[in-house]
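Notes for the structure review
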Amino acid sequence: SLIGLFLNDQDLKKKAKQYDEIAKDVKLAAVLGAGIMGGGIAYQSASKGTPILMKDIREEGIQMGLAEASKLLGGRVAKGRMTPAKMAEALTAIRPTMSYGDFGAVDIVVEAVVENPKVKQIVLAEVEGVVKEDAILASNTSTISINLLAKALKRPENFVGMHFFNPVHMMPLVEVIRGEKSSDVAVATTVAYAKKMGKTPVVVNDCPGFLVNRVLFPYFGGFSKLLGFGVDFVRIDKVMEKFGWPMGPAYLSDVVGVDTGHHGRDVMAEGFPDRMAVEGRTAVDVMYEANRLGQKNGKGFYAYETDKRGKPKKVIDPQAYELLKSIVTEQREVTDEDIINFMMIPLCMETVRCLEDGIVDTAAEADMGLIYGIGFPPFRGGALRYIDTVGVAEFVALADKYAELGALYTPTAKLREMAASGQKFFG
Ligand SMILES: NC(=O)c1ccc[n+]([C@@H]2O[C@H](COP(=O)([O-])OP(=O)(O)OC[C@H]3O[C@@H](n4cnc5c(N)ncnc54)[C@H](O)[C@@H]3O)[C@@H](O)[C@H]2O)c1
C-alpha cells in the first residue's frame, strides 16, 4: 500500500504540473474573512511567499486573524525552523484591511466568510465588482454548491471552489472544485496557488460534500448505526484507532465540532436522500441539542480538561452516556470486526460512487484525497486500495452480509461487475 501511495503521489504531482502550463502567476492574493480559516489561509500564503490582503468586516476579526498568524510564525521561530527576520517578512506580507481599496491589483481572492449561501453570494458579487476582469475568485465553502454560488457572478468562468481543511497550516489537502462553468485557467491557477502554498491539490467536480466530506459522512453514518445498537463509543474509538485512524469517530466529531458535523449531515442528507437521509434522532442530534459541541465548548462525546501544557485532554463523562441511552433502538453484541465493517464499508462504497460519478478522475486521486484530507490510515493505501487488498469480490460479499443496514452498504452494479470479472482499481 505504501509503495502504491508513493506512485499515486507521483501521479498527482505530474497532473498538477500539467496545470502549470496554463496557470496564471499569482503575485498578490486576498482572503475575505479573517476567522479560523481566513487567518490560517493568510498565514500559509504569506509564509510561503505570496503576499495576501486579509479583509474582514469586524476589527476584532482582523485582530484574531493576525494573532493566529503571529502565534504560528512565533512557533516556527521558537523551533528554529524560521529566522525572526523571515517571521517579520511573513507578517508584513499579510495586509489587514476593512475595505476593498487595494483589490484592483489582486490575482486571486479566497472567500472564507461565514457558511451562509446568501452572505457568500453577496460577498462574491461585491468582490467581483472591484477586482480586475481576469482575477480568479475561489470559495472555501465546505458544504455549499459551487454551481449555486456561481449564479451570483457575472464571470462564473473565473470562479472555483478552494476547500482547505482545518487547521490550514497542518492539513496537506486542498480540494479544487471545478464548477460547471469554471474555466481551465481558473482551475489551473488555483491548483498552482495551492502548490505554491505547500499544499497538495486534488481537482474534483461539484457535488454535495465534494469528495472528502461526501465520503466521510457515510463513515459517520456507520458510527451512528453502531451507537443505535448500544455500542460504547469509547470502544469504537479504540477499535478504529487500532485499525489505523489518527483518531476515532467520537473524538474526531468533538475536534471538528458537533455543530459542524450536524450541519454537514443535514446537507448530505438533502443531497443524497436515497442513502444519507437521517432516520430518527441520532447521537449527533442528542449532543447538539444538549449544546455539547465538542472541544470548542469543553463537552461533546467526551469532556475536556486542560493538561499541564495547556492543551485540551479528553476524559470520559458519564453524562454523555446518559444522553446516548435515548437513541439506542436495540441492544446488539458486535465484534471488533463488525465495528470496522459498519464504518469502512460505507466509506469505501461512497468512494467508489465518487469515482463512478466522475467527481474525481482517477482511483489514485480519490485515495490521495482521503489520505491527505481525513488522515485515512496510510498503510492501508486509501479506500480503493483497501477494497483491492480485501479483494473486490470478497468486499462485495462482505457488504452484502451487512445489507440489512441500508443503502450505504449496497455495492454499485459496476462494482459487482468488477467483482465478477476479476478487475481491480489499481493494476
Ligand atoms: N472551520 C472549519 O473547520 C472549516 C473547514 C473548511 C472550510 N470551512 C469554511 O470556511 C469558511 C469560514 O469558516 P471559519 O470557520 O473560518 O468561520 P469564522 O466564523 O471563524 O470566520 C468567518 C469570518 O468572516 C467574517 N465575515 C463575515 N462576513 C464578511 C464579509 N462580508 N466580508 C469579510 N469578512 C466577513 C467574520 O467577521 C469572521 O471573522 C466557511 O465557509 C466554512 O464552511 C471551515
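Residues numbered from 1 in each chain as written. Predicted model: local features only at pLDDT ≥ 70, side-chain atom pairs only at ≥ 80, totals over all residues. Heavy atoms only, no water.

1. Topic: a nonpolar patch on the surface
Taken together, the side chains of Ile-3, Phe-6 and Leu-7 present a nonpolar region at the surface, about 350 Å² in accessible area. Along the polypeptide, Phe-6 turns up in helix 1 (residues 2-20). (Patch = residues over 30% accessible without salt bridge, like charges linked within 9 Å, V, L, I, M, F, W, Y side chains within 5 Å. Areas by Shrake-Rupley, 256 points an atom, 1.4 Å probe, with all protein chains shown as cover. Salt bridge = Lys/Arg side-chain N within 4 Å of Asp/Glu carboxyl O. Helix = DSSP H or I, 4+ residues; strand = E, 2+ residues; numbered from the N terminus.)

2. Here's the deal with a positive patch on the surface
Together, Lys-79, Arg-81, Arg-309 and Lys-311 make up a region of like positive charge exposed at the surface. Counting through the fold element by element, Lys-79 comes out in the loop between helix 3 (59-78) and helix 4 (84-92). (Lys, Arg positive; Asp, Glu negative; His and termini not counted. Charge placed at Lys NZ, Arg CZ, Asp CG, Glu CD.)

3. Regarding the domain arrangement of the protein chain
Its domain assignment divides the protein chain into domain 1 (18-205) and domain 2 (210-427). With 18 residues of domain 1 at the contact, the number on the domain 2 side is 14 residues. When the area that domain 1 buries against domain 2 is broken down by residue, the three leading residues are Thr-143, Leu-173 and Asn-205, summing to 33%. There are 0 salt bridges connecting domain 1 and domain 2. Here domain 1 and domain 2 share 4 residue pairs in polar contact (both at pLDDT 80 or more) between them. Every element with two or more residues in the side of domain 1 that touches domain 2 is listed here: strand 7 (173-178) and strand 8 (200-205). Examining the composition of the side of domain 1 that touches domain 2, we find that 5 residues originate from one element, strand 8, more than from any other. (Domains from an automatic or database assignment. Contact = heavy atoms within 4.5 Å. Buried area = accessible area lost by both parts, 1.4 Å probe. Polar contact = N/O pair within 3.5 Å; in protein donor to acceptor, adjacent residues only side chain to side chain.)

4. Quick look at the site of the ligand
Neighbouring the ligand are 19 residues; Met-37, Asp-56, Arg-58, Glu-115 and Lys-120 lie closest to it. Measuring from an oxygen atom of the ligand, one finds a backbone N or O atom of Met-37 at 2.8 Å. Between the ligand and Val-113, the relevant distance is 3.3 Å, taken from an oxygen atom to a main-chain nitrogen or oxygen of the residue. Coverage of the ligand by the protein amounts to 82% of the 840 Å² it exposes when considered alone. Where the shell around the ligand is concerned, the elements lending two or more residues are helix 2 (36-47), helix 5 (117-128) and strand 6 (159-164). (Near = heavy atom within 4 Å.)

5. Considering helix 15 (residues 336-356)
Compared with an ideal rise of 1.5 Å per residue, which puts 21 residues at 30 Å, helix 15 spans 30 Å between its outermost C-alpha atoms and is within 8% of the ideal. The sharpest bend along helix 15 measures roughly 25 degrees and falls at Met-344, with the proline Pro-346 sitting one to four residues further on. Most of helix 15 sits out of view: 17 of its 21 residues are buried. Count one or two residues on from helix 15 and you reach Gly-358, which has phi positive near 75 degrees. (Expected span 1.5 Å × (residues − 1). Bend = angle between axes of the 7 residues up to and from the residue. Buried < 20%, exposed > 50% of the residue type's maximum accessible area, 1.4 Å probe, protein only.)

6. Let's talk about the environment of Thr-97
Tracing the chain through its elements places Thr-97 in strand 3 (residues 94-97). Thr-97 gets classed as buried once you look at its relative accessible area, which sits at 18%. Taking the C-alpha atoms as reference, Thr-97 lies 15 Å from Ala-112; in sequence the two are 15 residues apart. What Thr-97 contacts, discounting residues up to four positions off in sequence, is Met-54, Lys-55, Asp-56, Ile-62 and Phe-103.

7. Notes on empty space enclosed by the protein
As enumerated under the stated definition, the model contains 1 cavity of 30 Å³ or more in all. Those elements that provide at least two residues to the lining of the largest cavity are helix 1 and strand 8. The element that contributes the greatest number of residues to the lining of the largest cavity is helix 1, accounting for 4 residues. (1 Å grid on protein atoms, 1.4 Å probe; cavity = no way out; pocket = protein on both sides within 12 Å on 5 of 7 lines; lining within 4 Å. Points joined across faces, edges and corners; volume = space filled by probe spheres on them.)

8. Description of the side chain of Asp-254
Mapping Asp-254 onto the fold places it in helix 10 (residues 249-256). We note that Asp-254 is buried and unpaired, the nearest opposite charge coming from Arg-292 at a distance of 7.1 Å. For Asp-254, the side chain forms a polar contact with the main-chain nitrogen of Phe-301, separated by 2.9 Å. With sequence-adjacent residues up to four places away left out, Asp-254 is seen in contact with Leu-293, Gly-294, Gln-295, Gly-300, Phe-301, Tyr-302 and Tyr-304.

9. Things to note about the side chain of Asn-213
Relative to the helices and strands, Asn-213 resides in helix 8 (residues 212-228). Non-local contacts of Asn-213, meaning those with residues more than four positions away in its chain, are made with Ser-142, His-163, Pro-218 and Met-268.

10. So, the pairing of strand 2 (residues 52-55)
On strand 2, burial covers both faces: Ile-52 and Met-54 on one face and Leu-53 and Lys-55 on the other are all buried. Read as a crossover between parallel neighbours, the route from strand 1 (residues 29-32) over helix 2 to strand 2 is right-handed. Of the strand pairs in this sheet, strand 2 and strand 3 are connected by 4 bridges, and their pairing is parallel. Bridge pairing in strand 3 links Met-54 to Pro-96. (Right-handed = clockwise from strand over helix to strand, strands pointing away. Pairing = 2+ DSSP bridges.)

11. Some thoughts on the layout of surface pockets
Taken as a whole, the second largest pocket encloses approximately 160 Å³ of empty space. Along the lines of polarity and charge, the residues of the lining of the second largest pocket split into 6 nonpolar, 2 polar and 2 charged. (Nonpolar A, V, L, I, M, F, W, Y, C, P; charged D, E, K, R; others polar.)

12. Quick word on the packing of helix 8 against helix 10
Remark: helix 8 packs on helix 10, axes separated minimally by 11 Å, with the N-to-C direction vectors making an angle of 125 degrees. With respect to helix 10, the element helix 8 is oriented oblique. Seen along the crossing, helix 8 lies across helix 10 with a hand that is left-handed. Where helix 8 abuts helix 10, its residues Leu-216, Tyr-219, Phe-220 and Phe-223 lie against Pro-249, Ala-250, Leu-252 and Ser-253. For the contact of helix 8 with helix 10, the class distribution of residues is 7 nonpolar, 1 polar and no charged. (Axes fitted to C-alpha atoms, helices over the stretch in contact; angles between N-to-C directions. Parallel < 35°, antiparallel > 145°, perpendicular 65-115°, else oblique. Left-handed = near helix turned anticlockwise from the far one by under 90°.)

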